[in-house]
Amino acid sequence: MSSWLGGLGSGLGQSLGQVGGSLSSFTGQISTFTKDMLLEGVEEVGDAATELQVSNSKLAQLEAAYGSQKSEHERLKKLHAELEEKLEASEIQIKRQSAEYRTLLQQRDVEISHFKARQSGLQEEVQKLQQSAQAASMGGPATLPVATTASTTTTSSASSLLSRPSGSHQGFHSDEMDLSDVIWSQQEINRLSTEVLRLEAEVAHWRRMSQASTAAGAGNGDQGEILKLQRTIKELREEMSGEVDEHQHELTALQDAQRQKMADITRRHREELADYEERIEELEEQIQNGGGQAASLSDASKLLELEKSSQTLQDAAEQREQQLSELSASLEEARRKRDALQLEKDEAQEENAELLHNYTRLQASVAELQTRVQEQEGKSLQKAQQDHEIQALRKTLTDAEQEMQRLKSLTEAKPKEEVEHADILELNTIIGALRREKEILEQEQVNLRGKLKAAEEQLTGGAGAESSESEALEVLKTELERREKALRDAEEERNTLMLELEELDTQNQEATQHMISVKEQLSGQLREAEAEMTKLTAELNKTKDKEMELEQELETQKEKMSQSAYTLNDLHMGKKQLESTLKELKDKLGHAQNQGKEARREISELKKGLQERDEELSAAEARLTRAGERRSEAQGTSEELAGKESELSDLRRELEEVRSSHAKVMSEDYEMKIENRRLKAENEQVTGQMEQLGRQKEGQVSLNRTVREKDTRIEALKLEKSELEGELRQAETSLAEQAKQYQQTIEELTRARSMDASTLQTEHERTIKLNQEKDMEIAQLKRDQEQLASDHRDTNELLSITVAGQKQLTDLLQEKDVFMESLKQNATDLQVEMESGITAARKDAEALKQALEDKEKQLGGMKEENSHLKEEIDRVRDQQSRPQPLTEPKTLDIITELETEITQLKSSREVLEKEAETLRTAMEEHRASLLLSQQSLQVQQTELEQAHARHQQTTLNYDRLIHTRDEEIGHLQQTVDRLGESLSRADSPPVEGDVILQEDKSQTLNQENGSEKHDLSKVEIDKLIKGIKEKDTEISQLNEKNLSLTKQLDQLVVSRDQVGKLSQMILQKDLEIQALHARASMGGAGGHNQDVLFLQQQLQAYAVEREQVLAVLNEKTRENSQLRSDYHRIMDIMAGKEAALLKLQQENQRLSIMGDPAGNQEMFKETIQNLSRIIREKDIEIDALTQKCQTLVTVLQASGGEAGAGSGGVSSNQFEELLQERDTLKQQVKKMEEWKQQVITTVKNMQQESAQLQEELLKLQGQVSADSDCSSKLSVDYTQLIQSYEQKERKLGSLSQELAQVQQTISQLSTTKHVLLGKLDSVGQTPEVIAAQASGPFLTAEAPSHQMASPVNRENLPEELASLRALLVERENIIRTLQENNHRLSNSASASEGEQRCQAEEARQVKERLESLQRSVREKDLLIKTKGDQLSQVSETLRNRENDNEVLKQAVTNLKERALILEMDGRKLKEENELVASRSREKESEFRALQETNMQVSLLLREKEFELSAVSEKATTVEKMLKDKEQGKSGELNQLLNELKSMQEKAVAFQQERDRVMMALKQKQMETSAVHSELQHTKDKEQRLNLELERLRNHLLDIEDSYTREALGAEDRETELRKRVAMLDERLATSSSAVENASQQASMQVESLQEQLSRVVKQRDEALAQLRTSQEQVNQYAVSLSNLQMVLEQFQQEEKAMYSAELEKHKREKEEWRKKALKLEDQASALQVNLDEANAALDSASRLTDQLDMKEEQIEELKNQVDLRQEMLEEAQRKLMNLLNSTEGKIDKVLMRNLFLGYFHTPKTKRSDVLRLMGSVLDLSREDVDTMLGEDGRHGVTGWVSSWLGARGAQSVPNTPQRPTGGQGFNSSFSEMFVKFLEIESTPALPPLMLHDIKPLNAPPSRRTTGAASNTAAGAAAASKRSGESNPFLAPRSAAVPLLASSGTGGAGGHLLMKPISDALPTFTPVPVSAEASAGAVLKDLLKQ
């Protein structure tokens, strides 16, 4: 055991040493950092280079710290890995052990079942015995129950010993141990398992005992762990706050360093400028001095040099500015590096925290494992000892009962000692179980006795029993005796086990005492480590959870960020630019005002200087005139002076011009100021508009415009300002140069007066040269003036240009607005054009129908013409047949030709008739299809509208439901809060007021924020609804149905999902409402823990809801992206559709043109070619579109199959229609995009506002929680500070006026000085004058800078002063708390008893726990409220998103409807085009046939005409021949005429027959065609009917098959279901009981687990809330600290010159505070030392607890010795008193001799003092001594001896004199030393006491305040007075303090009289220490000092 404990201690020491080393390094860093922070407030770095070096060094330090952190991190990682390996090994071992234990338990269960069976058999036998037995002895029943009780108790005791290790293994999964320990414990377990097999009979009872003991032990362990965790949480919080403070200090230190560097750079720049000005002045003075001596050439060269030097100075200034800019850039880079390093450092610290957390967890598990292994070892040793001790320790049951009583008394006495709580509880549970068993056994014994009595009565009643029964009785008696023996053995075993138990208890007590000592040794180290570890564990868990949440949020929001990053960045950049521009404008305005003030002052000074110069010039002119009158030689000079006067007048004129220009500049400056004021007002308006940005979407464009205009105006004003500043500088320089020139001229004139003629001549030449130079300068000034004027003009032009640009911008914006309106009008016009085009197409179709009818009429006309031509032909034939009979064959040919023609015409007419019939049928079909399509369109539109209305209704219903649920939740939360408040009031009455205040404030804040958000969301929803309605109307007007249809296709699925999600959310809300109702009903009865549990559950529910809301938002974003992709795809499709539609319209136009009957043949040919080409293109397009349609249909089917039956309601026809319409959708899509972007921007703005509001809410809550305590103090301080601030402002105003006056006086003095210097040329200049001259401009340069800086800081003064006062109050509170802690520590140190300390610590812990619980409750309430606000915000954003989605869906639906309509129109147009094309083809064929027939007819007509002409010629010839042959051939003629007539008649008959035949033929053909058509119709009908028949037959067969199959399947299913129902009934019957049992067990387990969970969660939440509050407080403190440091620096910079007195006051206060802090630190260090000593004493006392038994005897002996010593002391004191009484009246001869000699050795002037001292020694009053001295002065020296000797009375107790220090001995006079010596000698001393054995308890170390190592007892009396003495001892009772030191302080070099008297004389009186001067009082005195 000891070796194992030593190994454990060494391992723990190593691990704790590593942790302690890291902690010490960390604390060292913290301490160095705090020192740097304390020292840094006063330091100021020299220049920018040193500043950069400092920053680089700091960066290097940070990098070094980072490297050390990294190394620490790696070391901890290695440790972590090793501990994890150990953990894995131990887990493997534990698994094996658990398996073995399980097998053992199974074996025990089997044995228990066997024993139960045996018990039941025995009980049956006993019953038989009772029935059969007739007589029994009384001994059996008396002994039987005793035996049973003993057996049961022994089993119980043994089984507890067995089962305890198994119980201890329950927590092994998270434990760790070394492999060697594990192997050794395994061997022990194997050995013990063999022993366990022997004790099988005692398992059943002890299993119950072990369960009870383990449960109790676990509960107690949990309580102890909770206490530890609470302590560690407190320590972690304190460390966290310290670390956060340090980080904030570092940040503020870096900021301070940067500001100091910047201030140093500016200061250096100013100093350099002042040096340059001094150098310029020195150079000017040198020029003035050397002007009279040197020639004019040297002056000119000096002037040139001066100009060069001024140029070089300007270049140097520019270089300085460049360097400044570079330095600022480098500083910014350094800042960036510092931020990066800070981030890396934070990451490293987080990793360290994680590793430390893991390390602590592993350490804790190792410690637990070791303790459990220790317990196992102890138990195994005890079990090993059991075998040896069982036989020796057998006693009776009475002894066991006595032992139980003794155990009770022991358990009652033990709690006083420091024994572990868990072991005591285990013993108590074992004892209670034993008692219960004893009571049960006693009851059984009583029952058995009653049964035996009844059996005896039966036996007495039935005396005549058989002998067999008596034999059976004897057998049973023997068995009973055997059982009794077994029971006695079991009793003995039980007694032995009880004795072993007692021994185990004693061993356990010893072990616990040893463990307590070890724990107390290690507690100091472990507390810090555990504190850090638990803190880091909590932080790690929190950070891990946060990381998980953040990763999820990151994954979800990456998609959002990719979409919204650009717009967000733009908005943020715009806002930042606007804010920066506003800030810059304000700064520049203040700067310009200051510059204007300075310029006015300088102008006034220059004016005064000019006036003075003018006066001096007039005086000089007067002098010159006088000189001209006096001297006639200087007439030429007078003429030159006249020229000079003219030049001077010119100069004056120029000066007046400059003044006028300056006045103009002033007026411009005034205008600028007015403009600035106006700009300020506009800026304020802009800020107001910026605040309204989130609420107003529509005003964004106008705001941007105004902001741009403001920016342009601001830039123009900046340019103007810079130019005006340049002009002012130039004017100032020119004025300064002129003033210098005037000074020089005046000085020259004064010199000229005093000079002779020769000198006048030289002066005259020099003045000529000077005049030339002045002319040059005047010309230069004129040029500068012109340049200024041109610059002014340029600025005006620039302004006009900027104004014009602004106007152009506004015009552009107006044009864009007009363009937007025109686009809308164009869209409406396009809509109208589309409708007009459709109407025109319909009109074209009607025109084509009319053309067809015209063509048919033309056909009829042509037929009539044909008939007319036929008649003419017949007539011609008649004419031909009459004159000539020779023309018979020709006429026959003509007839045949005509017949053929007639047949052709008939065939063509039939074809035309068929074509007309087909056209009519096509027209009818087209009309029917049109009607059908219109009907389908209307049906689809109605369906879409119904679906949209249903969707809107569902969304509205869900919104209403959610709103009502949220309201219910809010009400229930309020009720819960009220219940929580009432509970908190009942629990914590002292903290009630603060809690109520905070809750009321947070509630009001949350309510206001919520109401504002709700109102805002309502207003925005109304605006969105209005916008949606307007957009709907626009969309309906602009035909935007394509986009809406495509989006609706995708979003119908999404809407279903949304509906499902909304329903889930509503279910969750219902569950929450039910839980809240239950909570409200339970609220009265339930305690504070239930409230906390419920609040935690609610928090979890809120977190789940938040995740769901985030998921919904992610889905919405995905839907938006899908909609965008679909929109782009449809746009591409629409582009193609537009081109196709345009082509179709062109073709329609061409066809309508082609439809004209008056068109030429060439037109017909061209149209035919175009139609053929268009038909080919359309075929290609149709193929492509069909492929696209097929792919889209497949996609739609797939999406529809995935989404469900409801979503896939779009057919392929509808999709084809969608793909056919594309012409007017580009503009609409652009508008939709713009609108969508606006909606997205508004949503993002809302998100930003919500995030900002959340941040503001958190800040406000933190401020409310932090400032609620200090509000009253701050209000009082604020009023005082306002008054002080007003007084300081008044002082500032008066000081500024005084400064202006001082500057004026300085300027006047400088002018007078120059005059005096001019007069005193001969006298050399002293360095003091030069210094005064140099200091003048420096003052003037430095004063305006202060004036510039002061008004900026006046605004921040009250806030900074308030923060300073708050800091002071905090510091005072800290000091008070420190003082209270010091007093507490002193009291605790004075109290020497350890138990009181423990009680105080416990009370303090309880108080802190109460406070932390109250704080956690408050923070929980705040957390819940913030979570509720966040939820409401998220729900509002969700609603906004859903509204946007609804708007988009409506737009999509509208676009889809429009696309459908357009597709329908396109289809109609295509069908019409096809019909028109077919008709045009038919008409073309008819026209061709008609043209051919016309050509043939015309050819026939020509032939007939030729034939007619030939016939007429023949007729004439025949007539001639006839006339010739009339006379001879009249008979032949008559014959011929008759034949001709007959032939003509035949021909007419033939013609009539032919006509009849033709008519009959036509009728036959018509009949045959009609019959053919009817035949075809009937055939088609037959085919259709046959197909229908076949289909119906197949359908019937399928239906019958399916019906039969379904019937068979239904029968099978019925049978199966019946079987299943039977099975289920059986299962239900069997499983219901099992389920009930399991549910009861599960409910018990769940309740216990829930209780544990609630505790753990409660603690975690409390820790989290406290962490948050501490972080918020730390942030606030850091901000206030940084503000304070800023304020202090600004005060130091501004008030160096003006408020030196206040600065000194502040410094004095600072020094006082520092002194106080140092004093407090000293006191704290002293108290820490005392505490350490007290802790050491406590540790020693705890170590001595083991040795207390040994020391008691020694204490008794020591007491006897003390009594002896006390008696000796009392005797010594008695002797002392006797000696004193005896020697009090005696006189010491040596003393008297010394006094006598001393009197005569002293000078006469000091002898009166010696006499007074003698009187005091002799106890004479001062008045007696004075009277005696007066008499001595009168009578002489002889009277003093008699009076002195006579006046000696009884000596009373002397005054305690002060011991002289060494320094006093050397510094005082001899008489004073003598007096003090007498005083010391006159006080009697104690004899040396024999107290060598008594030692002082302790001696405090040396401190800063006390220079001596004085003891605690003596320190109170002599710490302040004595510094160099040896340590006096502290007496145990009387505590007498000796008044003499071992070494004389006077030193060896002192007088003889200063030496002390030897110890032989008893001249000391005892000085006993009073009762008040105890150790506590001494400590208090020390603390006060």
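Note that this is a predicted model, so its numbers are computed, not measured. (Residues numbered from 1 in each chain as written. Predicted model: local features only at pLDDT ≥ 70, side-chain atom pairs only at ≥ 80, totals over all residues. Heavy atoms only, no water.)

## Focus on the overall build of the protein
Stated formally: Helix and strand definitions here come from DSSP, where helices need a minimum of 4 consecutive H or I residues and strands a minimum of 2 consecutive E residues; each element is numbered from the N-terminal end. Think of it in three bands: residues with accessible area under 20% of the maximum for their type are buried, residues over 50% are exposed, and the middle band is partly exposed, with areas taken using a 1.4 Å probe on protein chains only. The criterion used for residue contact is that any of the two residues' heavy atoms lie within 4.5 Å. Here the Shrake-Rupley method, with its probe set to 1.4 Å, supplies the accessible areas, and only the displayed protein chains count as covering residues.
Along the protein, the regular secondary structure elements total 33 helices and 0 strands. Counting the 1985 residues in the protein, one finds 35% classified as buried. Excluding contacts between residues fewer than 6 apart, the proportion of contacts in the protein whose partners are at least 24 apart in sequence is 92%. Accessible surface for the protein amounts to roughly 117,000 Å². Of this, 55% is attributable to carbon and sulfur atoms.

## A closer look at the packing of helix α26 (residues 1789–1801) against helix α27 (residues 1807–1817)
Inclusion rule: As a rule, the C-alpha atoms of each element are fitted with a line to give its axis, helices using only the stretch in contact, and angles between N-to-C directions run from 0 to 180 degrees. Angles below 35 degrees are treated as roughly parallel, those above 145 as roughly antiparallel, those between 65 and 115 as roughly perpendicular, and all remaining angles as oblique. The hand of a helix crossing depends on one turn: near helix anticlockwise from the far one by less than a right angle means left-handed, and clockwise means right-handed.
For the pair α26 and α27, interaxial distance at closest approach is 9 Å and the crossing angle is 160 degrees. Taken together, α26 and α27 sit at an angle that is classed as roughly antiparallel. Crossing hand, α26 versus α27: left-handed. Contacts between α26 and α27 involve Leu 1795, Phe 1796, Tyr 1799 and Phe 1800 from the first element and Arg 1807, Val 1810, Leu 1811 and Met 1814 from the second.

## Some words on the side chain of His 269
Position of His 269 among the secondary structure elements: in helix α5 (residues 203–291). Residues contacting His 269, with those up to four places away along its chain left out, are Ala 317 and Arg 320.

## Let's talk about the packing of aromatic side chains
Defined as follows: Note on aromatic pairs: the rings of Phe, Tyr and Trp (six-membered ring only in Trp) are paired at centre separations within 6.5 Å, and the planes decide the class, stacked below 30 degrees, edge-to-face beyond 60, tilted for the rest.
For the coordinates displayed, the defined rule picks out 2 aromatic pairs. Judged by centre distance (4.9 Å) and plane angle (65 degrees), the ring pair of Phe 1796 and Phe 1800 falls under edge-to-face. Here the residue Phe 1796 and the residue Phe 1800 both occupy positions in helix α26, the gap between them amounting to 4 residues, near one helical turn. Judged by its relative accessible area of 39%, Phe 1796 is partly exposed. Ring plane angle 85 degrees and centroid distance 5.2 Å describe the contact between Tyr 1799 and Phe 1800, whose orientation is recorded as edge-to-face. Here Phe 1800 falls in the partly exposed class, since its relative accessible area comes to 40%.

## Some details on the pattern of salt bridges
The condition that has to hold: By definition here, a salt bridge exists when the distance from a side-chain nitrogen of Lys or Arg to a carboxyl oxygen of Asp or Glu is within 4 Å.
Applying the stated criterion to the full structure yields 38 salt bridges. Between Glu 913 and Lys 863 there is a salt bridge; the shortest N-O distance is 4.0 Å. With Glu 913 in helix α13 (residues 888–987) and Lys 863 in helix α12 (residues 757–881), this pair connects stretches of sequence that are 50 residues apart. For Glu 913, a relative accessible area of 29% translates into the label partly exposed. Judged by relative accessible area, Lys 863 falls into the partly exposed class, the value being 32%. A salt bridge links Glu 1411 to Arg 1415; the shortest N-O distance between them is 3.7 Å. In this pair, Glu 1411 and Arg 1415 both sit in helix α22 (residues 1394–1525), 4 residues apart, roughly one turn of the helix. When its relative accessible area of 40% is taken as the criterion, Glu 1411 is described as partly exposed. Classification of Arg 1415 as partly exposed rests on a relative accessible area of 35%. When salt bridges with common partners are traced through the structure, they connect Glu 675, Arg 678, Glu 682 and Arg 713 into a single cluster.

## Focus: the nonpolar core
Just so we agree on the cut-off: Nine residue types can take part in a nonpolar core, namely buried Ala, Val, Leu, Ile, Met, Phe, Trp, Tyr and Cys, and a core is a set of them joined through side-chain atoms within 4.5 Å.
Leu 1795, Tyr 1799, Val 1810, Leu 1811, Met 1814, Phe 1874 and Leu 1878 are the most contacted members of the largest nonpolar core, which totals 13 residues. Listed by contribution, the elements that provide at least two residues to this core are α26, α27, α28 (1822–1835) and α31 (1870–1882). In this structure, Leu 79, Leu 87, Ala 353 and Leu 536 belong to the second largest nonpolar core, which totals 12 residues.

## Overview of α27
For α27, the set of buried residues is Arg 1807, Val 1810, Leu 1811, Leu 1813, Met 1814, Gly 1815 and Val 1817. One or two residues past the end of α27 sits Asp 1819, with phi positive at roughly 60 degrees.

## Looking at α26
Residues that lie three or four places apart on an α-helix share one face, since the helix turns once every 3.6 residues. Stated formally: One fewer than the residue count of a helix, multiplied by 1.5 Å, yields its expected span. Think of it as the arc spanned by the lines of direction from the helix axis to the C-beta atoms.
The end-to-end C-alpha separation of α26 is 18 Å, in line with the 18 Å expected for 13 residues at 1.5 Å each. All buried positions along α26 are accounted for by Leu 1795, Gly 1798 and Tyr 1799. Across the axial projection of α26, the buried residues extend over an arc of 100 degrees, all falling on one side. Relative to its buried face, α26 has exposed residues pointing more than 90 degrees away, namely Lys 1789 and His 1801.

## Remarks on a positive patch on the surface
This is how the line gets drawn: Put simply, a patch holds well-exposed residues, over 30% relative accessible area, that have no salt bridge, with like charges counted together within 9 Å and Val, Leu, Ile, Met, Phe, Trp or Tyr side chains within 5 Å. None of His or the chain ends enter the tally, which takes Lys and Arg as positive and Asp and Glu as negative. Just so you know, the charge point we use is NZ for Lys, CZ for Arg, CG for Asp and CD for Glu.
Residues Lys 583, Lys 586, Arg 677 and Lys 680 make up a contiguous surface patch of positive charge. Elements that contribute at least two residues to the positive patch include exactly α9 (467–630) and α10 (635–691). Positionally, Lys 583 belongs in helix α9. Judged by its relative accessible area of 56%, Lys 583 falls in the exposed class.

## Looking at the confidence of the model for the protein
Test applied: The pLDDT value expresses, per residue, how confident the predictor is, ranging between 0 and 100.
Considering every residue of the protein, the mean pLDDT works out to 75; 73% of them sit at 70 or more. Low confidence marks residues 987–1015, where pLDDT is under 50. Its contacts with residues over four positions away, or in another chain, come to 34 contacts.

## Section: the environment of Arg 96
Note that Arg 96 resides in helix α2 (residues 48–132). Expressed as a C-alpha distance, the spacing of Arg 96 and Gln 186, which sit 90 residues apart in the sequence, is 9.3 Å.

## Observations concerning a negative patch on the surface
A cluster of acidic residues, Glu 63, Glu 344, Glu 347, Glu 350, Glu 351, Glu 547, Glu 551 and Glu 555, forms a negative patch on the protein surface. Within the residue set of the negative patch, elements represented by two or more residues are α6 (296–389) and α9. In terms of residue count, the dominant contributor to the negative patch is α6 (4 residues). Assignment of secondary structure puts Glu 551 in helix α9.

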